[in-house]
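Overview (structure and organization)
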Amino acid sequence: MKILSLTHRPNGVTFYRGQNVFQELCRQTGWTFDAVDPKNFDLDRLPSYDIYFDLRPTKQENINMIYLAWKAGLKIWIDLDDLLWQIPAANSASVNWSPEADENLKKALANADIVTTTTDALAEAISRETQAPVAVVPNAWNDRLFDLPKAWNGETKKEFTTYFWRGSNTHDGDLYAHRIAFQLSEKTLFRFMGALPWY
């Protein structure tokens, strides 16, 4: 299986759902995953791939590549880790949304063969925006890079409730919504897991 994608600047989304995950998947399966710069990619190579994967396709370069991949007979796989059209103002990523991004995402969803997302609730919402099947693929955890604490392995004392937080700093507002749990619960453990500065 050969999968093609556009190069993304490393961030929390690529870490849990993109390039980082596919490198490990390829190591385990023998598949091939190539992330390319569209300006330097030889379009004659397109037919050698099976799948075109696009993460948050909101730019014109994404739509151009989706069209070319479709013309070359590749299956189109779109991944959305969030409802990009409903990002709250408290999340700094909300400033990236625009009418152009909205239009491009609609085009991408209209041409997808499959869409993946993180949760059942998101899958239900996204399924109202596309005719493609929507599958839930939970965020991946790179256990080659991070050692999981004992609590992750079920060894935490049963009287404690443990929460693992791995969101990027764009989700700081979500943490604020749970500030009472930080302040009042003596039997709640929070484990912040990821890499600085953003995931």
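Our structure is the block above this text.
First things first, this report covers the structure right here in the doc. Residue numbering note: each chain is counted from 1, following its sequence as written. Only residues with pLDDT of at least 70 get local features here, since the model is predicted, and only at 80 or more are side-chain atom pairs given and counted; chain-wide, interface and lining totals rely on the full set of residues. Derived side-chain values reflect all non-hydrogen atoms in the structure, with water molecules and hydrogen atoms excluded from consideration.

Some remarks on the pairing of strand β5 (residues 114–117)
Consecutive side chains of a regular strand alternate in pointing toward one face of the sheet and then the other. With three bridges joining them, strand β4 (residues 75–79) and β5 adopt parallel strand pairing. When the bridges of β5 are listed, I78 appears paired with V115. Whether a crossover is right-handed comes down to one check: with the strands pointing away from the viewer, does the path from the first strand over the helix to the second run clockwise; if it does, it is right-handed. Think of it this way: any DSSP run of H or I at least four residues long counts as a helix, any run of E at least two long counts as a strand, and we number them from the N terminus. Where the polypeptide runs from β4 across helix α4 (residues 99–110) and back to β5, its parallel neighbour, the crossover connection is right-handed. At least two DSSP bridges between two strands are required for those strands to pair. Taken together, the three bridges between β5 and strand β6 (residues 134–136) define a ladder with parallel strand orientation. Paired with T117 across the bridge in β6 is V136. In this region the chain leaves β5, passes through helix α5 (residues 120–126) and returns to the parallel neighbour β6; the handedness of that crossover is right-handed.

Some words on the nonpolar core
Membership of the largest hydrophobic core comes to 28 residues, with the highest contact counts inside it found for L4, Y52 and I78. When contributions to this core are tallied by element, the ones reaching two or more residues are β1 (2–6), α3 (60–71), β4, α4 and α5. Counting residues per element, this core draws most heavily on α3, which supplies four residues. Ignoring any residue separated from it by four or fewer positions in sequence, one finds L4 in contact with D34, V36, F41, L46, Y49, I51, Y52, F53 and M65. Here, the term nonpolar core denotes a set of buried Ala, Val, Leu, Ile, Met, Phe, Trp, Tyr and Cys residues that are joined through side-chain atoms within 4.5 Å. Only protein chains enter the area calculation, which uses a 1.4 Å probe; residues under 20% of their type maximum are buried, those over 50% are exposed, and those in between are partly exposed. Counting nine residues, the second-largest nonpolar core is a separate cluster that includes I3, C26, F53 and L55. Residue contacts are counted whenever heavy atoms from the two residues lie within 4.5 Å of one another.

Description of the packing of aromatic side chains
Here is the rule: rings of Phe, Tyr and Trp (six-membered ring for Trp) pair when centre to centre is within 6.5 Å. Planes less than 30 degrees apart are stacked, more than 60 are edge-to-face, and the remainder are tilted. If you walk through the whole model with that rule in mind, you get six aromatic pairs. For the ring pair F22 and W77, a centre distance of 5.5 Å and an interplane angle of 70° mean the geometry is edge-to-face. Taken together, the residues span a long stretch of sequence, with F22 in helix α2 (residues 19–29) and W77 in strand β4 at a distance of 55 residues. For the residue pair F22 and W77, the accessibility class agrees, reading buried in each case. Taking 4.9 Å as the distance between ring centres and 80° as the angle between the ring planes, the aromatic pair formed by F53 and W77 counts as edge-to-face. Here the residue F53 occupies a position in strand β3 (residues 51–55), and W77 occupies one in strand β4, the gap between them amounting to 24 residues. Each member of the pair, F53 as well as W77, is classed as buried.

Overview of unusual backbone geometry
Backbone geometry places R56, a non-glycine residue, at a positive phi of 55°. Residue classification places R56 among the partly exposed positions, given a relative accessible area of 27%.

Remarks on the pairing of β4
Among the five residues of β4, four are classified as buried, and the element is accordingly described as predominantly covered. Note that β3 and β4 share five bridges and pair parallel. Pairing of D54 across the sheet is with I78, part of β4. As for the winding sense of the linkage, the β-α-β connection from β3 through α3 to β4 is right-handed.

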